[in-house]
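Structural features, examined
Residue-level listing of the chains:
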Amino acid sequence: DAVDLAAVLDALLHDPETKKMVENLQKADGRKASLEAFSDSLTQKEIVESLKQTLDELKALEYLFQDPARAVLEMHKDGMVPENRLKFYKKNPEQLEEDTRKGLYFSFVSLAVAGGFL
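Residues numbered from 1 in each chain as written. Predicted model: local features only at pLDDT ≥ 70, side-chain atom pairs only at ≥ 80, totals over all residues. Heavy atoms only, no water.

**Looking at the overall build of the chain**
Defined as follows: Strands are runs of DSSP state E lasting at least two residues, helices are runs of H or I lasting at least four, and both sets are numbered from the N terminus onward. Buried, partly exposed and exposed residues are distinguished by accessible area as a fraction of the type maximum, computed with a 1.4 Å probe on protein chains only: under 20%, between the cut-offs, and over 50%, respectively. Contacts were defined at the residue level, with two residues in contact if any of their heavy atoms lie within 4.5 Å. The method behind every accessible area is Shrake-Rupley, applied with a 1.4 Å probe, and residues are considered shielded solely by the protein chains displayed. Residues scored as charged are limited to Lys and Arg (positive) and Asp and Glu (negative), so that His and the chain ends carry no count. Charged groups are reduced to one reference atom each: NZ for lysine, CZ for arginine, CG for aspartic acid, CD for glutamic acid.
If you tally the helices and strands in the chain, you get 7 helices and 0 strands. Listing each helix as α and each strand as β along the chain from the N terminus yields α-α-α-α-α-α-α. Seen along its three principal axes, the alpha-carbon backbone of the chain occupies a region of about 40 × 35 × 30 Å. Each of the 118 residues in the chain was classed as buried or not, and the buried ones make up 29%. Taking the intrachain contacts of the chain between residues at least 6 apart in sequence as the baseline, contacts between residues at least 24 apart amount to 71%. Of the accessible surface of the chain, which amounts to about 7,700 Å², a share of 54% is contributed by carbon and sulfur atoms. Charge centroids of the chain, computed over 16 positive and 22 negative side chains, lie 5 Å from each other.

Rendered as structure tokens:
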């Protein structure tokens with residue numbers, strides 16, 4: 001797990017899209033203050049555990065979306081798909097996968113920045 005986490009963090013250090021996101025997180029006044037408050041509210045261990053959990057969730061998406069229609073229903077059942085988006089995602093399950101992946105990616109990068117890893 002630690003090796004996976006280190007490998008992902010290393011890859012993100014060299015990814016242009018991630019570099020730009022990190023810069024934006026660190027420059028924007030409101031975001032920077034929020035990020036600092038978030039960082040101050042968690043221990044380094046909690047940040048690492050949250051990074052690991054987010055990475056595990058990203059990995060689980062591959063399995064979950066092997067059956068996209070079922071993924072939509074399961075995520076809705078777990079409260080992860082709002083009722084007002086259910087019909088759309090049923091017709092466009094690939095959009096749910098993309099939206100979920102983007103959200104997890106943003107969470108992972110934010111946690112990594114808060115922990116001083118990026």
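**Concerning the side chain of T18**
As a reminder of what qualifies: Pairing of N or O atoms within 3.5 Å defines a polar contact, subject to two protein rules: one partner must be a possible hydrogen donor and the other a possible acceptor, and residues neighboring in sequence count only if both atoms are side-chain atoms.
Within the secondary structure, T18 sits in helix 2 (residues 16-27). We classify T18 as buried; its relative accessible area is 1%. A polar contact is formed between the side chain of T18 and the side chain of D15, at a distance of 2.6 Å. Here the side chain of T18 touches Y105 through a polar contact of 2.4 Å, side chain to side chain. The residues touching T18, leaving out its near neighbours within four places in the chain, are L12, Y105, V109 and L118.

**Some remarks on the pattern of salt bridges**
For the record, the criterion: Salt bridge, as applied in this entry: a Lys or Arg side-chain nitrogen positioned within 4 Å of an Asp or Glu carboxyl oxygen.
Inspection of every chain in the model, using the stated rule, returns 8 salt bridges. Salt-bridge contacts for D4 lead to K59; the nearest nitrogen and oxygen are separated by 2.7 Å. In this pair, D4 is assigned in helix 1 (residues 2-13) and K59 in helix 4 (residues 44-64), connecting sequence segments 55 residues apart. A residue is classified by how much of its surface remains accessible, and D4, at 33% relative accessible area, is partly exposed. K102 is paired through a salt bridge with E98; the nearest N and O atoms lie 2.9 Å apart. Placement of both K102 and E98 in helix 7 (residues 93-114) is noted, with a separation of 4 residues, approximately one turn of the helix. Residues joined in a network through salt bridges with shared partners are E62, E97 and R101.

Coordinates in, geometry out; function isn't part of it.
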